[in-house]
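Secondary and tertiary structure notes
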Amino acid sequence: MAIDEDDEFFLTLTNVGMIMRPDLFEQHTVHFHGYPNASAYYDGVPDASVAINIGASFTYYYLAPDAGTYFWHCHITPPEHLQMGMVGQLYVRPRQNRVTGNLYAGLQQQQLDLRTKCDSSDILCSNPLPVVNTGATGGGKYAYNDGDGSTAYDVEYPMQIHGFDPNFHFVGMTFNPEGFADMKDKYFLLNGRSYPDTVTTGPLQTQSADGVNHFSQPLPAIINIPAGKKALLRISDLDVSEYQTLASLGIPMQVIGYNAKLLRDQAGNNMYYNTNSITLGGGESLDVILDASDAGCGSTGCAAALYPAGSVFYLYTPNLDHLSNDAENFGGLMTEVRIN
């Protein structure tokens, strides 16, 4: 789910139960992890809000005040329901996308809004003014309200990391008690797919209990970057039992945001950093820019483009045991970065 800052967002969740498990009567919720809710009543943690019984519906309401990459999950028996796939991404695009003039002046204007106002004395300030007015002007797409154009990108891709334990699922399907202590992921997923399904276009199909093929996972995890452009990866991890690492060979990753906060100190200094790998635990998110614009050639230029059209790079995990689909080799947490 992608929304813009200042949008009002309504989501109706209906709990219809399970045809294959009529013995279950579990409630469900949508918990927006780390998201600044309009009210705790809509947070999705049943202790402080509500849970939805089978045969019932509930409409959540959110007001989107802060740009960044968030995610949602069910907060009833979370380890089980995360494992069953009740997870997803929510990201909020910044007001700065609507600024056409000077970005610094636009961010100054935002400080007049009490919902997003912040200064150097506010430790919860999410978008302080940059140290230098770079004179950058709007008209592009940005990850955050940066005021200097430093989070600009051309294309964006959500990358939801997840894990899957087939034994846990099998036990659940056979009406046996699920062994939470023995949960061990054996499939490692990007957007619900393991390699090579991550680079298979179109929806996947699986035969269900009714003997009919049902389509699922409509989005692949292929990263297509136009030659000379930048891609924003909105990476989040809702794995239950593992830390996950992603590495990029050939195209450096610039990390610009962590847990839906711009990496900038209270004095306005950008704290971005370049790396070839990032590591996340369950419940964390990162905003990463892949720059295929040959910006690293320096003033002397390059003899040839570093990232010519037709090039293919890989985004994969260096944890080699996570590069497998259960007992099979060459799968898991990997996808392709294609220069078009």
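Structure report, in brief. (Residues numbered from 1 in each chain as written. Predicted model: local features only at pLDDT ≥ 70, side-chain atom pairs only at ≥ 80, totals over all residues. Heavy atoms only, no water.)

**Considering the overall build of the protein chain**
When its secondary structure is counted, the protein chain shows 3 helices and 24 strands. Taking 2.2 N^0.38 as the reference for a compact globule, 340 residues should give roughly 20 Å; the C-alpha atoms of the protein chain span a radius of gyration of 21 Å, in line with that estimate. The C-alpha extent of the protein chain, read off along each of the three principal axes, is 65 × 50 × 35 Å. Buried positions account for 47% of the 340 residues belonging to the protein chain. For the protein chain, contacts bridging at least 24 residues in sequence account for 70% of all contacts bridging at least 6. About 16,000 Å² of surface is accessible on the protein chain, with carbon and sulfur atoms providing 56% of the total. Distance from the positive charge centre (16 side chains) to the negative charge centre (36 side chains) of the protein chain: 8 Å. (Helix = DSSP H or I, 4+ residues; strand = E, 2+ residues; numbered from the N terminus. Rg over C-alpha atoms; globule rule 2.2 N^0.38 Å. Buried < 20%, exposed > 50% of the residue type's maximum accessible area, 1.4 Å probe, protein only. Contact = heavy atoms within 4.5 Å. Areas by Shrake-Rupley, 256 points an atom, 1.4 Å probe, with all protein chains shown as cover. Lys, Arg positive; Asp, Glu negative; His and termini not counted. Charge placed at Lys NZ, Arg CZ, Asp CG, Glu CD.)

**Side note on helix H2 (residues 103–110)**
Regarding H2, the residues found buried are Leu103, Tyr104, Gly106, Leu107 and Gln110. Angular distribution of buried residues about the axis of H2 spans 160°; they occupy a single face of the element. Contacts made by the buried residues of H2 are with strand E7 (141–142). Put simply, asparagine 102 is the residue that caps the front of H2, since its side-chain oxygen is 2.9 Å from the backbone nitrogen of tyrosine 104. (Arc of directions from axis to C-beta. Polar contact = N/O pair within 3.5 Å; in protein donor to acceptor, adjacent residues only side chain to side chain.)

**Observations concerning helix H3 (residues 166–173)**
The complete set of buried residues in H3 reads Pro166, Phe168, His169 and Gly172. The buried residues of H3 occupy an angular sector of 160° when projected down its axis, which confines them to one face. Near the N-terminus of H3, the side chain that reaches the backbone nitrogen of asparagine 167, with its oxygen 3.0 Å away, is that of aspartate 165.

**Comments concerning a nonpolar patch on the surface**
Judged by side-chain polarity, Ile19, Met20 and Met173 come together as a nonpolar surface patch covering roughly 350 Å² of accessible area. With respect to the helices and strands, the residue methionine 20 is situated in the loop between strand E2 (8–14) and strand E3 (31–33). Methionine 20 gets classed as partly exposed once you look at its relative accessible area, which sits at 38%. (Patch = residues over 30% accessible without salt bridge, like charges linked within 9 Å, V, L, I, M, F, W, Y side chains within 5 Å. Salt bridge = Lys/Arg side-chain N within 4 Å of Asp/Glu carboxyl O.)

**Let's talk about the sheet that holds E3**
The sheet built from 4 strands is open, its strands ordered E1-E6-E5-E3 with mixed pairing. This sheet does not close on itself; its edge strands, each paired only once, are strand E1 (2–4) and E3. Each strand axis lies, on average, 30° off the axis of its neighbour in the sheet, ignoring direction. Bridging between strand E5 (residues 68–73) and strand E6 (residues 87–93) involves 6 bridges; their strand directions are antiparallel. The partner of tyrosine 70 across the bridge, within E6, is leucine 90. (Pairing = 2+ DSSP bridges. Axes fitted to C-alpha atoms, helices over the stretch in contact; angles between N-to-C directions.)

**Thoughts on the packing of aromatic side chains**
Evaluated as defined, the whole model comprises 12 aromatic pairs. Arranged with centres 5.7 Å apart and planes meeting at 70°, the rings of tyrosine 41 and phenylalanine 58 form a pair that is edge-to-face. Of the two residues, tyrosine 41 is situated in the loop between E3 and strand E4 (57–63) and phenylalanine 58 in strand E4; the sequence distance between them amounts to 17 residues. Judged by its relative accessible area of 16%, phenylalanine 58 is buried. (Phe/Tyr/Trp six-rings, centres within 6.5 Å; stacked < 30°, edge-to-face > 60°.)

**Examining unusual backbone geometry**
Between tyrosine 195 and the following residue, proline 196, the backbone shows a cis peptide bond with an omega angle of 10°. Structurally, proline 196 is set in the loop between strand E10 (187–190) and strand E11 (204–207). A positive phi is found at aspartate 6, a non-glycine position, where the angle reads about 85°. With respect to the helices, strands and loops of the structure, aspartate 6 is situated in the loop between E1 and E2.

**Some words on the environment of phenylalanine 168**
Among the secondary structure elements, phenylalanine 168 is positioned in helix H3. The exposure class assigned to phenylalanine 168 is buried, which follows from its relative accessible area of 3%. When the C-alpha atoms of phenylalanine 168 and glycine 179 are compared, they prove to be 6.9 Å apart, with 11 residues separating the residues in sequence.

**Comments concerning the pairing of strand E21 (residues 312–316)**
Within a regular strand, side chains alternate between the sheet's two faces. Of the pairings in the sheet, the one linking strand E15 (residues 244–248) to E21 comprises 2 bridges and is antiparallel in character. Residue pairing in the sheet places serine 248 in a bridge with leucine 315 of E21. Here 5 bridges tie E21 to strand E24 (residues 334–339), and the two strands are oriented antiparallel to one another. Considered in E24, the bridge of tyrosine 316 is made with methionine 334.

**What to know about the environment of aspartate 210**
As for its placement among the helices and strands, aspartate 210 is situated in the loop between E11 and strand E12 (213–216). The sequence separation of aspartate 210 and phenylalanine 168 amounts to 42 residues, and the corresponding C-alpha distance is 22 Å. A polar atom in the side chain of aspartate 210 sits 3.1 Å from the backbone nitrogen of valine 212. Here histidine 214 takes part through its side chain, which lies 3.0 Å from a polar atom of the side chain of aspartate 210.

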